[in-house]
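Geometric and topological summary
Spelled out, the chains give:
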Amino acid sequence: MKTLYVCQLCGYEYNPRLGDVDNDIEPGTDFEDISSDWTCPLCGAGKDDFECVVSDEDDDDDYE
Ligand SMILES: [Zn+2]
């Protein structure tokens, strides 16, 4: 099971396991813990425009 946060404007998916390293968000950072001035890397939408999506799909890539 995995949790993603999807931008409602462009469809960008924030995966807490991957973070957003291009914007200094380290892998493993919960969405709630991201700075409130973080914005969508693709379209610039604020955190308020993201929706939490829980998937049954296993996130089986290695944690390295
Ligand atoms: Zn976006």
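Residues numbered from 1 in each chain as written. Predicted model: local features only at pLDDT ≥ 70, side-chain atom pairs only at ≥ 80, totals over all residues. Heavy atoms only, no water.

**A short note on the nonpolar core**
Of all hydrophobic cores here, the largest spans 11 residues; its members are Tyr5, Cys7, Tyr12, Tyr14, Ile25, Phe31, Ile34, Trp38, Cys40, Ala45 and Phe50. Apart from the residues lying within four places of it in its own chain, the contact partners of cysteine 40 are Cys7, Cys10, Tyr12, Ala45 and Phe50. (Core = buried A, V, L, I, M, F, W, Y, C linked by side-chain atoms within 4.5 Å. Buried < 20%, exposed > 50% of the residue type's maximum accessible area, 1.4 Å probe, protein only. Contact = heavy atoms within 4.5 Å.)

**Comments concerning the coordination of the zinc ion**
Binding of the zinc ion to the protein goes through Cys7 (SG), Cys10 (SG), Cys40 (SG) and Cys43 (SG), at separations of 2.3 to 2.4 Å. One way to put it: the four donor atoms around the zinc ion meet at angles of 104 to 116°, and that makes the site tetrahedral. Between consecutive donor residues of the zinc ion, the sequence gaps follow C-x2-C-x29-C-x2-C. Taking relative accessible area as the criterion, cysteine 43 reaches 38% and is therefore assigned partly exposed. (Donors = N, O, S within 2.8 Å, 3.2 Å for Na, K, Ca; no water. Tetrahedral: all angles 85-135°; square planar, octahedral: opposite > 155°, others 65-115°.)

**Observations regarding the side chain of lysine 47**
Secondary-structure assignment places lysine 47 in the loop between strand 2 (13-14) and strand 3 (50-55). Although buried, lysine 47 forms no salt bridge, and the nearest oppositely charged side chain, glutamate 32, lies 7.1 Å from it. Excluding residues within four positions of it along the chain, lysine 47 makes contact with Phe31, Glu32, Ile34, Ser35, Ser36 and Trp38. (Helix = DSSP H or I, 4+ residues; strand = E, 2+ residues; numbered from the N terminus. Lys, Arg positive; Asp, Glu negative; His and termini not counted. Salt bridge = Lys/Arg side-chain N within 4 Å of Asp/Glu carboxyl O.)

**Observations concerning the environment of threonine 29**
Checked against the element boundaries, threonine 29 lands in the loop between strand 2 and strand 3. Counting along the chain gives 23 residues from threonine 29 to cysteine 52, while the straight-line C-alpha distance between them is 14 Å. Once residues within four sequence positions are removed from consideration, threonine 29 is found in contact with Tyr14, Pro16 and Ile34. In terms of polar contacts, threonine 29 uses its side chain to reach the backbone carbonyl oxygen of glutamate 26, at 2.5 Å. (Polar contact = N/O pair within 3.5 Å; in protein donor to acceptor, adjacent residues only side chain to side chain.)

**Concerning the confidence of the model for the protein chain**
Put simply, the protein chain has an average pLDDT of 91, and 91% of its residues get 70 or more. Here strand 3 stands out as the element of the protein chain with the lowest mean pLDDT, 94, in contrast to strand 2, whose mean of 97 is the highest. (pLDDT = per-residue confidence, 0-100.)

**Description of the pairing of strand 1 (residues 2-7)**
Buried residues dominate strand 1, accounting for five of its six residues. Note that strand 1 and strand 3 share six bridges and pair antiparallel. Along strand 3, the bridge assignment pairs cysteine 7 with phenylalanine 50. With two bridges joining them, strand 1 and strand 2 adopt antiparallel strand pairing. Its bridge partner being in strand 2, valine 6 is matched across the sheet by glutamate 13. (Pairing = 2+ DSSP bridges.)

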